[in-house]
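Here are the chains, one letter per residue:
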Amino acid sequence: MNYEYSQTDFSRGILSGLFAGLIACVANSVFVLIYRSITQFYEFNGLDVTVIVFGSISQLILCGWMFYLFVHNMKKGIIFYIMAVVLVTVVIFFLGIMARQSIMGSAPADFKFMVVGTQVIIGGLAAFLIPYLFSHDKLIS
């Protein structure tokens, strides 16, 4: 059966975030696996597969919803969305590093690099892939 219906902007925003989240899961898993194997950094297992999968998908679905809100409620919403994503990404860097410091006393440079690397992947996909997928409906339908 062929169902002919057009996606709403809300569903396109959520689906864009979900698709970007799936890509982020794979990219972050590969990044952490390669980084840990190169540096032999196994001290902190907080960035394991479960955290990467649920964190990446939930963050990017939330970004897809935010993108929908920005586009529908603001003039030049895409530009403001990108600025908000960059700001939130920077805040998450510092929150992740500070949480590690408050639990363990200090954050090793290897951990800081992993947090920054995974958040750069998520932030980059949120800032650029979600708007692209939102405007190219055939990729997510």
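Preceding this section is the structure that the text describes.
Residues numbered from 1 in each chain as written. Predicted model: local features only at pLDDT ≥ 70, side-chain atom pairs only at ≥ 80, totals over all residues. Heavy atoms only, no water.

*Asks:* Teacher, can you tell me more about helix α1 (residues 9-39) here?
*Replies:* Between its terminal C-alpha atoms α1 stretches 43 Å, which fits the 45 Å expected from 31 residues at 1.5 Å a residue. Every buried residue belonging to α1 is among R12, G13, S16, G17, A20, G21, A24, C25, N28, V32, Y35 and R36, and all of these are buried. Once α1 ends, the next one or two residues include Q40, with phi positive near 60°. (Helix = DSSP H or I, 4+ residues; strand = E, 2+ residues; numbered from the N terminus. Expected span 1.5 Å × (residues − 1). Buried < 20%, exposed > 50% of the residue type's maximum accessible area, 1.4 Å probe, protein only.)

*Asks:* For this particular structure, what's the right way to read unusual backbone geometry?
*Replies:* If a residue is not glycine, its phi is most likely negative; likewise, a peptide bond is most likely trans. With phi around 55°, K76 is a residue other than glycine that occupies positive phi space. Within the fold, K76 resides in the loop between α2 (49-73) and α3 (77-104).

*Asks:* Could you clarify how one ought to interpret the environment of S135 in this entry?
*Replies:* Structurally, S135 can be placed in helix α4 (residues 109-135). Along the backbone, S135 and D9 are 126 residues apart, and their C-alpha atoms lie at a distance of 9.6 Å. Here the side chain of S135 touches Y132 through a polar contact of 3.0 Å, landing on its backbone oxygen. (Polar contact = N/O pair within 3.5 Å; in protein donor to acceptor, adjacent residues only side chain to side chain.)

*Asks:* When you look at the packing of α1 against α2 in this model, what are you seeing that I'm missing?
*Replies:* A pair of packed helices is characterised by two quantities: the angle between their axes and the separation of those axes. Remark: α1 packs on α2, axes separated minimally by 7 Å, with the N-to-C direction vectors making an angle of 150°. For α1 against α2, the interelement crossing comes out right-handed. Across the contact of α1 with α2, the residue classes break down as 15 nonpolar, eight polar and one charged. (Axes fitted to C-alpha atoms, helices over the stretch in contact; angles between N-to-C directions. Left-handed = near helix turned anticlockwise from the far one by under 90°. Nonpolar A, V, L, I, M, F, W, Y, C, P; charged D, E, K, R; others polar.)

*Asks:* I keep staring at the packing of α1 against α4 and nothing clicks. Help me out?
*Replies:* It is at 8 Å that the axes of α1 and α4 come closest, and there the two elements cross at 150°. Between α1 and α4, the angle falls in the class roughly antiparallel. Between α1 and α4 lies a crossing of right-handed hand. (Parallel < 35°, antiparallel > 145°, perpendicular 65-115°, else oblique.)

*Asks:* I keep staring at the nonpolar core and nothing clicks. Help me out?
*Replies:* Considering soluble globular proteins, one finds that nonpolar side chains tend to be buried as a cluster. If you look at the biggest cluster of nonpolar residues, it comprises 18 residues, and the most contacted ones within it are L60, C63, Y81, A126 and I130. Broken down by secondary-structure element, the contributors of at least two residues to this core are α1, α2, α3 and α4. Considering each element in turn, this core owes the most residues, eight residues, to α4. For L60, the contacting residues outside a window of four places in its chain are G17, A20, G21, A24, I122, L125, A126 and I130. In this structure, V32, I52, F111 and V115 belong to the second largest nonpolar core, which totals seven residues. (Core = buried A, V, L, I, M, F, W, Y, C linked by side-chain atoms within 4.5 Å. Contact = heavy atoms within 4.5 Å.)

*Asks:* Looking at this structure, how should I read α2?
*Replies:* Residue pairs spaced three or four apart in an α-helix point in one direction, given the helix's 3.6 residues per turn. For α2, built from 25 residues, the straight-helix expectation of 36 Å at 1.5 Å per residue is met to within 8% by its first-to-last C-alpha distance of 36 Å. What α2 keeps buried is the set I52, S56, L60, C63, G64, M66, F67 and F70.

*Asks:* In this structure, what is going on with a nonpolar patch on the surface? I would like to understand it.
*Replies:* A surface patch of nonpolar side chains, amounting to about 380 Å² of accessible area, comprises V26, V30, I34 and I38. Along the polypeptide, V26 turns up in helix α1. (Patch = residues over 30% accessible without salt bridge, like charges linked within 9 Å, V, L, I, M, F, W, Y side chains within 5 Å. Areas by Shrake-Rupley, 256 points an atom, 1.4 Å probe, with all protein chains shown as cover. Salt bridge = Lys/Arg side-chain N within 4 Å of Asp/Glu carboxyl O.)

*Asks:* Would you take a moment to explain the packing of aromatic side chains for this structure?
*Replies:* To describe a pair of aromatic rings, one takes the distance between the centres and the angle between the planes. With the rule as written, the count across this model stands at seven aromatic pairs. With a centroid separation of 6.1 Å and an interplanar angle of 70°, the aromatic rings of F70 and Y81 are classed as edge-to-face. Remark: Y81 occurs in helix α3 and F70 occurs in helix α2; sequence separation between them is eleven residues. Residue F70 is classed as buried on the basis of its relative accessible area, which comes to 18%. (Phe/Tyr/Trp six-rings, centres within 6.5 Å; stacked < 30°, edge-to-face > 60°.)

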